[in-house]
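# Results of the structural survey
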Amino acid sequence: MKTELELNEKILAVTNRIREKHPELLEYLNEMPITIPYEENPTINVKALSSYYDSLVALVEDYEYEENTIINGQPENTLHLPIKDIVKMEQDNSYEDLLTEVNDITISYNDVGEGIVPVIFVHGFPFSKSMWKGQLDSLKSSNRVIVFDIRGFGQSTNNKANVSMDFFADDLVAFMDKLNIDKAVICGLSMGGYIALNAISRFPERFAALVLCDTQCIADTTEKKEGRYKTIEQINNDVKDVFYDKFIKTVFHADSLTNNMEVVENLQNIVFANSKKIITAGLAAMAERSETCSTLAAIKIPTLIICGREDELTPLAKSEFMQERIKGSVLKIIDDAAHVSNLEQPEAFNKYLQDFLNTLNAAKGFKPKAERTSMK
């Protein structure tokens, strides 16, 4: 049986098709009593949603058959496919941005696939959830995968002048509560790893497994902290482009900067899309973060550590240090990759991650998956 979230997504896709391709049918939509539900309207159940979706499908199928319409530039041999198949074809390479309210801010997220325990990805600084698209594409057929923009980054809002790892971790757990997720596998890269370690040290019962990517447990040294505040001063003096350009060159392997320009430019666009205010707030949050090395021995859940061999920002030795102190953890090293190993070598990254998740999925004792809640 389809979940409420899946039906919501399908209804929205068909409704958008009608609005874009057949606006003359809108009057029929107005006559249909059911609309896409919000949290405030919990009485609309899955059965009612299924019925409404079927009525939309029938409406479009009948109309397009009569008009012999080719949908959205699809080749003629797709004309008589069921509308649900055509919708699936169109959405294969895109994900609907969902929104929900958490701790008085709006969180933007994607939620795809099915699985016993969801995998939640936490992006690094100063990126957004879109850095995980390759992982969503790879894992959605075998796992429920969730990515979200942490407060102030991407499309999520922020209501505080300053942010911290505690704030980010609090948001993560509140976000899980909002989606009725009891436990999750948490995967964090760089600053996302700082957030994951903070959350696990404070809310260990909420996580079934941990993946740490190109990150570390130490706090900033005095020299490193001074460097971050100097960068903040430069950005406030409107020389942020210098920081951005230098930063991009630092996170990539040299070969990527020459031979993988599309990936480099995509990440550069993500970085530049963030406001100067959140960039400086994020730098300050990293400068003031506490160490989590002293908590590593207390981690009792399955843990995978991934690191690019040429990572200069969080060198391999930092990952080796964590692997030695988290009992039973596994370290995977990715060649020809630096700080964003999931972008530079996605096939290797995804294989290590999928193998780890397969082991978890085969294990006994995980709780049944919780109801999924969509906040449209």
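In this report, the structure presented in the accompanying data block is examined.

Rules used throughout
In this numbering scheme, every chain counts its residues from 1 along its sequence in written order. Given that the model is predicted, a residue must reach a pLDDT of at least 70 before its local features are reported, and side-chain atom pairs must reach 80 or more before they are shown or counted; all residues, however, enter totals for whole chains, interfaces and linings. As a convention, hydrogens and water are excluded, and side-chain values are obtained from all of the structure's heavy atoms. Helix and strand definitions here come from DSSP, where helices need a minimum of 4 consecutive H or I residues and strands a minimum of 2 consecutive E residues; each element is numbered from the N-terminal end. Exposed residues in this analysis have more than 50% of their type's maximum accessible area, buried residues have under 20%, and partly exposed residues fall in between, with area computed by a 1.4 Å probe over protein chains only. The contact rule is simple, with two residues in contact once any of their heavy atoms fall within 4.5 Å. Note on areas: these come from Shrake-Rupley sampling with a 1.4 Å probe, and a residue is covered only by the protein chains present in the view. Disulfides are defined as cysteine sulfur pairs within 2.5 Å. Two strands pair if DSSP finds at least two bridges between them. Axis geometry follows a simple rule: fit a line to the C-alpha atoms, using only the stretch in contact for helices, then measure angles between N-to-C directions, giving values from 0 to 180 degrees. Throughout this description, the term salt bridge denotes a Lys or Arg side-chain nitrogen within 4 Å of a carboxyl oxygen of Asp or Glu. Counting of polar contacts relies on pairs of N or O atoms within 3.5 Å, with two restrictions inside protein: one atom must be capable of donating a hydrogen and the other of accepting it, and residues adjacent in sequence are counted only when both atoms are side-chain atoms.

### Points about the overall build of the chain
- Scanning the chain from N- to C-terminus turns up 15 helices and eight strands.
- Counting only residues that meet the buried cut, the chain has 49% of its 376 residues in that class.
- Sequence-distant contacts in the chain: of pairs separated by 6 or more residues, those separated by 24 or more amount to 75%.
- On the chain, roughly 17800 Å² of surface is accessible, and the fraction owed to carbon and sulfur atoms is 49%.

### A closer look at unusual backbone geometry
- Note that the residue after Phe-125, namely Pro-126, is joined by a cis bond; omega there is -10 degrees.
- With respect to the element layout, Pro-126 can be found in the loop between strand E3 (119-122) and helix H5 (133-139).
- The phi torsion at Asn-180 lies on the positive side, around 60 degrees, for a residue other than glycine.
- Looking at the secondary structure, you find Asn-180 in the loop between helix H6 (165-178) and strand E5 (184-189).
- Look at Asn-180 and you get partly exposed, because its relative accessible area is 39%.
- Positive phi is not limited to glycine here, since Asp-336 has a value of about 55 degrees.
- By secondary structure assignment, the location of Asp-336 is in the loop between strand E8 (330-334) and helix H14 (341-344).

### Digging into the state of the cysteines
- Under the defined criterion, the tally for this structure stands at one disulfide.
- Cys-217 shares a disulfide with Cys-293; S-S distance 2.1 Å. On the sign convention where negative means left-handed, the S-S torsion of about 90 degrees between Cys-217 and Cys-293 marks this disulfide as right-handed. On the criterion of sequence distance, the pair formed by Cys-217 in the loop between strand E6 (207-213) and helix H8 (222-236) and Cys-293 in the loop between helix H12 (276-287) and strand E7 (303-308) is long-range, its members being 76 residues apart. With respect to class, Cys-217 is no different from Cys-293; both count as buried.
- Summary of cysteine pairing: Cys-187 is not part of a disulfide, and the nearest cysteine sulfur, belonging to Cys-213, is at 3.7 Å.
- A disulfide-free cysteine, Cys-307 has its sulfur positioned 9.5 Å from the sulfur of Cys-213, the nearest such atom.
- Using a relative accessible area of 0% as the deciding quantity, one classes Cys-307 as buried.

### Side note on the sheet that holds strand E1 (residues 98-102)
- In spatial order, the strands read E1-E2-E4-E3-E5-E6-E7-E8; together these eight strands make up an open sheet with mixed pairing. With partners counted over all chains shown, the strands left at the sheet margins are E1 and E8, one partner each. This sheet shows a mean twist of 25 degrees between the axes of neighbouring strands, independent of strand direction.
- Taken together, the five bridges between E7 and E8 define a ladder with parallel strand orientation. Paired with Ile-305 across the bridge in E8 is Leu-331.
- Sheet strands in contact with H6 are E1, strand E2 (105-112), E3, strand E4 (145-148), E5 and E6, and its direction is about 115 degrees off that of E1.
- In the packing of helix H7 (residues 191-202) onto the sheet, contacts are made with E3, E5 and E6, and the angle to E6 comes to roughly 150 degrees.

### Topic: the pattern of salt bridges
- Using the criterion set out here, one finds 14 salt bridges in the structure.
- Taking the shortest distance from any N to any O, the salt bridge between Arg-228 and Asp-220 comes out at 2.5 Å. One exposure class covers both Arg-228 and Asp-220, and it is buried.
- The residue Lys-225 makes a salt bridge to Glu-288 at a minimum N-O spacing of 3.9 Å. Of the two residues, Lys-225 sits in helix H8 while Glu-288 sits in the loop between H12 and E7, which places them 63 residues apart along the sequence.
- Residue Lys-225 is classed as partly exposed on the basis of its relative accessible area, which comes to 28%.

### Here's the deal with the side chain of His-339
- Structurally, His-339 is set in the loop between E8 and H14.
- Within the structure, the side chain of His-339 is placed 2.8 Å from the side chain of Ser-190, a separation counted as a polar contact.
- Apart from residues lying up to four places away in sequence, His-339 is in contact with Leu-189, Ser-190, Asp-214, Val-251, Asp-311, Leu-313, Thr-314 and Glu-344.

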